[in-house]
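What the coordinates show
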Protein chains: 2
Amino acid sequence: MVDEKDKDQNTEQKILEAAKEVFLERGLDGARMQDIADKAGINKALLHYYFRSKDRLFDVIFREAAARFLPKLGELFASDMPLLEKIEKFVHFYIDMLQQNPHLPLFVLNEMQKVDGDEFMEFIWQGKQPALKAMATQVEEEIKKGTIKPIKPFHLLLNIVSMSIFPFVARPIVKLVWEVDDPQFKELMEERKKVVVQFILDSIRK
Amino acid sequence: MVDEKDKDQNTEQKILEAAKEVFLERGLDGARMQDIADKAGINKALLHYYFRSKDRLFDVIFREAAARFLPKLGELFASDMPLLEKIEKFVHFYIDMLQQNPHLPLFVLNEMQKVDGDEFMEFIWQGKQPALKAMATQVEEEIKKGTIKPIKPFHLLLNIVSMSIFPFVARPIVKLVWEVDDPQFKELMEERKKVVVQFILDSIRK
DNA sequence: GTCTATAGGAGGATAGAC
DNA sequence: GTCTATCCTCCTATAGAC
């Protein structure tokens, strides 16, 4: 009884890990159930036994990925930390996370584009909306206080996000254009944690 | 004779335009030859008559897209324009281009990831390598002259590219998170041309 | 050059034994 | 729960008439 349950969870877990790898690398359309089965060390039939269909399995993976991509920023945004410190935390958090999940952003952005108006993504986001507004307000207050230069919160935050995430999305081109290999790329991204924060601060501080 | 040739080119052109739309929206794996045929107003067999296979047709589209995505920046980079002016030109050029080709970056980045080490992309890039080095040197010279703050050319250029391109890659999420529709999004991107340039200048100028 | 009809194969899904 | 064998649909590609 206990054995069966353990075995069950192990198999399910193996499938999920394999599916995650394959879907994140190849996308929904490019992924093959056979590849997932091979990587999990089982056969196709078992995939359907556990998850009924490719679409259902994909849904599980996508939702987990989407949640990871829009993570628990609520607390960070809404906290009473100084703005500049929030920015630093944000950049460090994202670059660290993407170093460990390099395929995540392209996967999520790509699959989102196809569905266009994903109800689950909206659900994921809902709870965070107020925190973002709070952060935007904080930016405007700092501007009023005169501690930072005027800039629409939209553009400031989009700049921060862009500089943190885009290099991972464009990884193949960055590697080609700057003639770097994987270890060098990783090192450069590590550097960016400080460089990007400094770049932002230099830009907005008076 | 002339009629036949015109007709021929028209059909080929119609196919290319249809294929471009479908491939850019759905990717290689997601695209259906039937959809391309429908959009071109012809039938599947003609697609193969003109382009022999799906892969060949895709290649034509991808190469055109890749060339557009890494456009004629050689002249800009290598010109004797002041650095700050080059940056301005670059940002304006990219945002303008992406306003008209919204699917381009995600398509190229996505398909590049799958092949990993695309020989054609390398070919496309080759000619531009020297111009990039020239631009990097220019950055270093400005730093030595003391006109801008120290920053590795890699990070400065990656920041510029990131802020220009990422919003288009992340369009669905940006729209969701900031609750904007398509016309508002377009307007915000128009704003960004000035905002991003200003943001960069504020950051690097002493 | 353009069409209809169909071959051929890949891949998701199910049946049924163990 | 897990496997093998098989079904069936979808889609690329080709044959052949016009």
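Residues numbered from 1 in each chain as written. Chains lettered and ligands numbered in written order. Predicted model: local features only at pLDDT ≥ 70, side-chain atom pairs only at ≥ 80, totals over all residues. Heavy atoms only, no water.

As recorded in an unreviewed UniProt entry, chain A goes by TetR family transcriptional regulator and comes from Pseudobacter ginsenosidimutans.

With that settled, consider the overall build of chain A. In terms of helices and strands, chain A carries 12 helices and zero strands. Its helices and strands in sequence order give chain A the pattern α-α-α-α-α-α-α-α-α-α-α-α, from N to C terminus. The principal-axis extent of the C-alpha atoms belonging to chain A is close to 65 × 40 × 35 Å. When each of the 206 residues of chain A is scored for burial, the buried share is 50%. For chain A, the share of sequence-separated contacts (at least 6 apart) that also reach a separation of at least 24 residues comes to 68%. (Helix = DSSP H or I, 4+ residues; strand = E, 2+ residues; numbered from the N terminus. Buried < 20%, exposed > 50% of the residue type's maximum accessible area, 1.4 Å probe, protein only. Contact = heavy atoms within 4.5 Å.)

On the UniProt side, "DNA-binding region" (unreviewed entry) is annotated at positions that read residues 32–51 of chain A here. Across residues 32–51 of chain A, helical content stands at 80% and strand content at 0%; the span's end C-alpha atoms are separated by 15 Å. (UniProt positions renumbered as here; feature names shortened; annotations may be inferred.)

Below, the discussion takes up the relation of the copies chain B and chain A. Copy one and copy two of the chain differ by a rotation about a common axis and a shift along it. Take chain B, turn it by 180°, move it 0.0 Å along the axis, and it overlays chain A with an RMSD of 0.1 Å. The symmetry that links the two subunits is that of a two-fold axis. Closest approach to the rotation axis among the C-alpha atoms of chain B is made by Ser 203 of chain B, whose C-alpha sits 1.9 Å away. A share of 100% of the interface residues of chain B reappears at the interface of chain A, consistent with the copies meeting face to face through the same patch. (Least-squares fit on C-alpha atoms with pLDDT ≥ 70 in both.)

We now examine helix H7 (residues 104–115) of chain A. Residues and elements named next belong to chain A. The end-to-end C-alpha distance of H7 is 17 Å, a good match for the 16 Å that 12 residues give at a rise of 1.5 Å each. The buried fraction of H7 is high, at 10 of 12 residues. Every buried residue belonging to H7 is among Leu 104, Pro 105, Leu 106, Phe 107, Val 108, Leu 109, Asn 110, Glu 111, Met 112 and Gln 113, and all of these are buried. (Expected span 1.5 Å × (residues − 1).)

As a further point, take the pattern of salt bridges. Residues and elements named next belong to chain A. In this structure the tally under the stated criterion is 28 salt bridges over all chains. Where Asp 96 meets Lys 193, a salt bridge forms, and the shortest distance between an N and an O atom there is 2.6 Å. Highlighted residues: Asp 96 in helix H6 (residues 83–100) and Lys 193 in helix H12 (residues 182–204), separated in sequence by 97 residues. Lys 193 sits in the buried class, given a relative accessible area of 10%. In this structure, Lys 145 engages Glu 142 in a salt bridge whose closest nitrogen and oxygen atoms are separated by 3.6 Å. (Salt bridge = Lys/Arg side-chain N within 4 Å of Asp/Glu carboxyl O.)

Residue position: Met 163 of chain B is located in helix H10 (residues 153–169). Sequence separation between Met 163 of chain B and Lys 114 of chain B is 49 residues, and the spatial gap between their C-alpha atoms is 24 Å. Ignoring anything within four residues of it in the chain, the contact list for Met 163 of chain B reads Asn 159, Ser 162, Met 163 and Phe 199 of chain A together with Arg 192, Val 196, Phe 199 and Ile 200 of chain B.

To continue, consider the domain arrangement of chain A. Residues and elements named next belong to chain A. Segmentation of chain A into domains returns domain 1 (1–52) and domain 2 (62–204). Here the C-alpha centroids of domain 1 and domain 2 sit 31 Å apart. At the junction of the two partners, domain 1 supplies seven residues and domain 2 supplies seven residues. Applying the counting rule to domain 1 against domain 2 returns two salt bridges. Residue Glu 64 pairs with Lys 20 through a salt bridge whose shortest N-O separation is 4.0 Å. Between domain 1 and domain 2 we count two residue pairs in polar contact (both at pLDDT 80 or more) in total. Across the side of domain 1 that touches domain 2, the residue classes break down as three nonpolar, one polar and three charged. (Domains from an automatic or database assignment. Polar contact = N/O pair within 3.5 Å; in protein donor to acceptor, adjacent residues only side chain to side chain. Nonpolar A, V, L, I, M, F, W, Y, C, P; charged D, E, K, R; others polar.)

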